[in-house]
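Listed here are the chains, written in short residue letters.
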Amino acid sequence: LSFTTPALRGFNITFNPGLVYGTVTDIDGNVYQTVPIGSQVWMTENLRVAHYRNGDAIPIATDGVTWAGLTTGAYCDYNNDEGNTAAYGRLYNWYAVGDSRNIAPEGWHVPTDDEWIVMELALGMKPADAYISFGDRAARIGAKMKTTGDLEYSGGLWHHPNEATNESGFSAVPGGWLYFGRFASLGYEAYFWSSTAYNSTDAWRRDLIHNYSWILRGYSV
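Sequence positions are assigned chain by chain, starting from 1 and proceeding in written order. This being a predicted model, a pLDDT of at least 70 is required before a residue's local features are given, and a value of 80 or more before pairs of side-chain atoms are given or counted; all residues contribute to the totals for chains, interfaces and linings. Calculated side-chain values reflect all of the structure's heavy atoms, with hydrogen atoms and water omitted.

Student: Explain helix α4 (residues 113-122) residue by residue, including any values.
Tutor: Taken together, the buried positions of α4 are D113, W116, I117, M119 and E120. With its buried residues spanning 160° around the axis, α4 presents them on a single face. Contacts between residues were defined by any pair of non-hydrogen atoms, one from each residue, lying within 4.5 Å. Per the convention used, a helix needs a DSSP run of H or I reaching at least four residues, while a strand needs a run of E reaching at least two, with both numbered from the N terminus. Summarising the contacts, the buried residues of α4 are in contact with β2 (31-37), β3 (40-43), β8 (189-197), β9 (203-209) and β10 (216-220). Following α4 by one or two positions, G124 has its phi on the positive side, about 115°. Only protein chains enter the accessibility calculation, which uses a 1.4 Å probe; a residue is then buried when its area is under 20% of its type maximum, exposed when over 50%, and partly exposed in between. By arc we mean the arc of the directions from the helix axis to the C-beta atoms, nothing more.

What follows is the structure, given as structure tokens:
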């Protein structure tokens, strides 16, 4: 499952035509494409679900100050604009990721930090670089994971310049993030949660940036 502090995608997404995609459906009836990468299968779209797997509603938090102070699960749309949901999906805090009611579709789960690394190694990450945090992990596999094209010249979702081939089919889009009550980086960056805690307040995540071809491993709350 590809997951994020951001959201999903919808229009102007360039899937890799050389790959075979599957589908999975969430509790709300949203259908997502999936793709095999190495020994795993990943969603190629960010979630836009509004309910946990058992049907309970995920609370929506539209106020940035409230969001920053939460210790329970919540979601929102970028800039509180549902018009962003089709293209980028929704933003979820890590408390929603860690909720025992499960945010992922039936049979799926939010990837652990180690599961991210399994995928990264399959795409060419060097084992010596896999556990580097907030540093240059030399293999430039991020380009293999982003949708191609750019906003300024070719109808994509990433701002120019977009270093991307999407040869993995992962099809990441730049959904931005909401951090300490501030929306930022739509069109420039993609942030993906793992289900692995870093410490009592933070969790491991992955970052992709429009003008870079690597994937960053870091942590935040």
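Student: An account of the pairing of strand β6 (residues 175-179) is needed here, citing residue identities and associated values.
Tutor: In terms of burial, β6 is a largely internal element, four of the five residues being buried. Here four bridges tie β6 to strand β7 (residues 182-186), and the two strands are oriented antiparallel to one another. Across the sheet, the residue bridging to Y179 is R182, located in β7. A pair of strands counts as paired when DSSP detects no fewer than two bridges linking them. Between β6 and the antiparallel strand that follows it, β7, lie two residues; F180 among them carries a positive phi value of about 50°.

Student: An account of the environment of L47 is needed here, citing residue identities and associated values.
Tutor: Position of L47 relative to the elements: it lies in the loop between β3 and α1 (64-69). In this structure, the C-alpha to C-alpha distance between L47 and T23, residues 24 residues apart in sequence, is 13 Å.

Student: So what about the side chain of S213? Which residues, and what values?
Tutor: Looking at the element boundaries, S213 is found in the loop between β9 and β10. S213 gets classed as buried once you look at its relative accessible area, which sits at 12%. With residues near it in sequence (within four places) discarded, S213 still touches R140, I141, G142, A143 and E163.

Student: Kindly report on a nonpolar patch on the surface, identifying the contributing residues and their values.
Tutor: Each patch is built from residues that are more than 30% exposed by relative accessible area and take part in no salt bridge. Like charges join if they lie within 9 Å; nonpolar side chains (Val, Leu, Ile, Met, Phe, Trp, Tyr) join within 5 Å. A 1.4 Å probe and the Shrake-Rupley method give the accessible areas. Residues count as covered only by the protein chains that appear here. When a carboxyl oxygen of Asp or Glu is within 4 Å of a side-chain nitrogen of Lys or Arg, the pair counts as a salt bridge. A grouping of Y179, F180 and V221 is seen on the molecular surface, where their side chains present a nonpolar patch of about 290 Å² in accessible area. When you line up the elements, Y179 lands in strand β6. Among the residues examined, Y179 registers a relative accessible area of 30% and is labelled partly exposed.

Student: Describe the pattern of salt bridges, listing the residues and the values that go with them.
Tutor: Tallied over the full model, the rule gives 10 salt bridges. Measuring nitrogen to oxygen at the nearest pair gives 2.7 Å for the salt bridge that ties R206 to E120. Here R206 is found in strand β9, whereas its partner E120 is found in helix α4, with 86 residues between them in sequence. The same class applies to R206 and to E120, which are both buried. Between R205 and D207 there is a salt bridge; the shortest N-O distance is 2.7 Å. The same class applies to R205 as to D207, namely buried.

Student: Outline the environment of F170, listing residues and values.
Tutor: For F170, the location among the structural elements is in the loop between α4 and β6. Sequence spacing of F170 and R205 is 35 residues, and the spatial spacing of their C-alpha atoms is 16 Å.

Student: Could you give an account of unusual backbone geometry, naming the residues involved and the relevant values?
Tutor: Omega for the peptide link from H160 to P161 comes to -5°, which places this bond in the cis form. Residue position: P161 is located in the loop between α4 and β6. One non-glycine residue, F134, adopts positive backbone phi at about 55°. On the secondary structure map, F134 appears in the loop between α4 and β6. Phi is positive for N166, close to 55°, though the residue is something other than glycine. Assignment of secondary structure puts N166 in the loop between α4 and β6.

Student: Provide a residue-level description of the sheet that holds strand β1 (residues 22-25), including the pertinent values.
Tutor: Taken in spatial order, the three strands make up an open sheet running β1-β2-β3, and their pairing is antiparallel. The sheet terminates laterally at β1 and β3, the two strands that pair on one side only. Strand-to-strand twist of the sheet, defined as the mean angle between neighbouring strand axes without regard to direction, takes the value 40°. Where helices are involved, their axes are fitted lines through C-alpha atoms of the stretch in contact, as for all axes, and angles between N-to-C directions lie from 0 to 180°. The strands touched by α4 within the sheet are β2 and β3, with β3 carrying the most contacts at an inclination of about 105°.

Student: An account of the side chain of R206 is requested, with residue identities and associated values reported.
Tutor: Classification of R206 as buried rests on a relative accessible area of 0%. What qualifies as a polar contact is a pair of N or O atoms within 3.5 Å, subject to a donor-acceptor requirement within protein and to the restriction that residues adjacent in sequence count only when both atoms come from side chains. For R206, the side chain forms a polar contact with the side chain of D113, separated by 2.8 Å. Within the structure, R206 has its side chain in polar contact with the side chain of E120 (distance 2.7 Å). When residues no more than four places from it in sequence are discounted, the contact partners of R206 are D113, W116, I117, E120, R137, A190, Y191, F192, I215, L216 and R217.

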